[in-house]
Amino acid sequence: MVDVEKAPDAGPREEPVRRSDAEGCLAVAIRIPVRIVVLVLVVPVRMVWDALVVAGRFLRDAVLRPVGRALAWLGRAVFVWPLVGLWRYVVVPLAEGVGWLGHVLLVVPAVWLYRWVLTPVGHALAWFFTRVGAVLAAVGRGLYAGLAWLGRYLAVVPAVWLYRWVLTPVGHALAWCGRQVARGVGLVVTGVGLVLYWTFRVLLVLPALAVWRWVLAPVGRFLAVVGREVADALGHAWRVAGHLSRAVGRFLGTVLRWTVAEPARWVYRSVLTPVGHAVRDTVLRPLAEAGRGARRAARQALASARLSVRQARADVRRMLFGEPAERRPVDRREPSTAEARTLGSSTTALTKD
C-alpha cells in the first residue's frame, strides 16, 4: 500500500561544506606562497617550452619532412627498383627454368617408378604380410589366453586374498594410530602458536600501531596537504604561463607580420607580379609559339619524308618484281535451281561412266 500521509519534518537541511572550511587554515596558509614561488619558476620554463615547440614544428615542416621524402625516393631508386628488376627479370625466369628442369628430370621419373614399380611391389608385400599377420594373430591369441589363465590363478587370486585378509586390517590399525598421534601434535602446535602470537603482538604489533597512529599518520597528512598544494600550484602556474606565452607569441607574430610579411607581400603583389606578367607576355609566350611552330614544321617535314621513302620503296618493288597480280573477286552467291539440277546431272553421268 502507498503511504499518503505527510512525512514528519526531518529538520533543517545541512549546507554543503566548502573546500576552504574542510581543508583548514594549514592549507590556506601554504597555498598563496607556494603558488607565487611556483609561478615565478614555471613562467620561464613554459615560455622556453613553447619556443622549442614552435621551432620543432618549423624544423619538421621545413627540413625533416622534405629530407625524409628525398631519402625515401633515393632509397627506392637505389635499392627497391634494382631489386624489383632483378627479381622480375632474373630470379623469376631462372626459378621457372629450374622448376621445369626439376619436373622433367625428377618428378616424371619418380612418378613412373612409383606407378609401375613400387605400387605393384607394395601390393604384393601387403598381400604377403596380411596372410602372415593373420597366422601370427591366431597364434598370439592362443598364447594370450593361456598366459592370462596362468596369471589369474598364480598371481591375481593370491594377491586379492593377501590384500583382503592381511593388508587391509594392518592398514586400518596404522591409520588409527596415525590419527591419534596427529591429534596430540596438533594440540601441542596450537599451544605454541598462541604463545608466539601474543608475544609477537605485545612486542611488535602494538608499538608499531602506536607509532603509525600518533607519528606517521599526522606527518603523512601534513605531507599530503603540502604535495596537493604544490601540484595545484604547478597546474595553475602552467596555465598562467601558457596564457603569458601565448600573448608574447602573438606580439612577436604581429611584429614579424608588419616588419617582414607585409613588406614581402607588397613587393610580391606590386613589383614581382607585374614584372612576371610582362616577362610572360613579352618573352615566354612568343618563345612558346615559336617552339610550337617549329615542332609543327618538323612534324610535317618528317611526314613528307616518310611518304617519299614509302613511294620510293614501292617503285623499287615494282621495278624488281613487276606489278602485283589483281585479285579476282570470288562469287559467293548461292546457285539457282536450274544450275543445281544441271550440276547434279553432270555429276551422275560422270559417276556412271
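Quick caveat, the model's predicted, so the values are computed rather than measured.

1. Digging into the pattern of salt bridges
Argument step 1. This model, assessed by the stated rule, comprises seven salt bridges.
Argument step 2. Of the charged contacts, one joins Arg285 and Asp281 as a salt bridge, the two residues approaching to 3.3 Å between their closest N and O atoms. Placement of the pair is Arg285 and Asp281 together in helix α2 (residues 25–321), with a separation of four residues, close to one helical turn.
Argument step 3. Using a relative accessible area of 48% as the deciding quantity, one classes Arg285 as partly exposed.
Argument step 4. The partly exposed category is assigned to Asp281, whose relative accessible area is 37%.
Argument step 5. Glu289 is paired through a salt bridge with Arg292; the nearest N and O atoms lie 2.4 Å apart. Within this pair, Glu289 and its partner Arg292 are both found in helix α2, separated by three residues, close to a single helical turn.
Argument step 6. Take Arg292: its relative accessible area is 33%, and that puts it in the partly exposed class.
Argument step 7. Taken together, the shared-partner salt bridges connect Arg60, Asp61 and Arg65 into one network.

2. A word on a positive patch on the surface
Argument step 1. A cluster of basic side chains, namely Arg306, Arg310, Arg313 and Arg317, defines a positive patch on the protein surface.
Argument step 2. Relative to the helices and strands, Arg310 is located in helix α2.
Argument step 3. Here Arg310 falls in the partly exposed class, since its relative accessible area comes to 45%.

3. Comments concerning the confidence of the model for the protein
Argument step 1. Counting all residues, the mean pLDDT for the protein is 82, and 83% of those residues have values of 70 or more.
Argument step 2. Of all the helices and strands in the protein, helix α1 (residues 19–23) carries the lowest mean pLDDT, 46, while α2 carries the highest, 87.
Argument step 3. The low-confidence segment residues 1–22 (pLDDT under 50) makes three contacts with residues lying over four places distant or belonging to another chain.

4. Looking at the packing of aromatic side chains
Argument step 1. Within this structure, the stated rule accounts for four aromatic pairs.
Argument step 2. With centroids separated by 6.3 Å and ring planes inclined at 90°, the aromatic side chains of Trp73 and Trp81 adopt a geometry described as edge-to-face.
Argument step 3. Trp81 sits in the partly exposed class, given a relative accessible area of 47%.
Argument step 4. Plain terms: the ring middles of Tyr197 and Trp198 are 5.4 Å apart, the flat faces sit at 70° to each other, and that makes the pair edge-to-face.
Argument step 5. Taking NZ or CZ as reference, Arg152 lies 6.0 Å from the ring centre of Tyr153, over its face.

Cut-offs applied
- Residues numbered from 1 in each chain as written.
- Predicted model: local features only at pLDDT ≥ 70, side-chain atom pairs only at ≥ 80, totals over all residues.
- Heavy atoms only, no water.
- Salt bridge = Lys/Arg side-chain N within 4 Å of Asp/Glu carboxyl O.
- Helix = DSSP H or I, 4+ residues; strand = E, 2+ residues; numbered from the N terminus.
- Buried < 20%, exposed > 50% of the residue type's maximum accessible area, 1.4 Å probe, protein only.
- Patch = residues over 30% accessible without salt bridge, like charges linked within 9 Å, V, L, I, M, F, W, Y side chains within 5 Å.
- Areas by Shrake-Rupley, 256 points an atom, 1.4 Å probe, with all protein chains shown as cover.
- Lys, Arg positive; Asp, Glu negative; His and termini not counted.
- Charge placed at Lys NZ, Arg CZ, Asp CG, Glu CD.
- pLDDT = per-residue confidence, 0-100.
- Contact = heavy atoms within 4.5 Å.
- Phe/Tyr/Trp six-rings, centres within 6.5 Å; stacked < 30°, edge-to-face > 60°.
- Lys NZ or Arg CZ within 6 Å of the ring centre and 35° of its normal.

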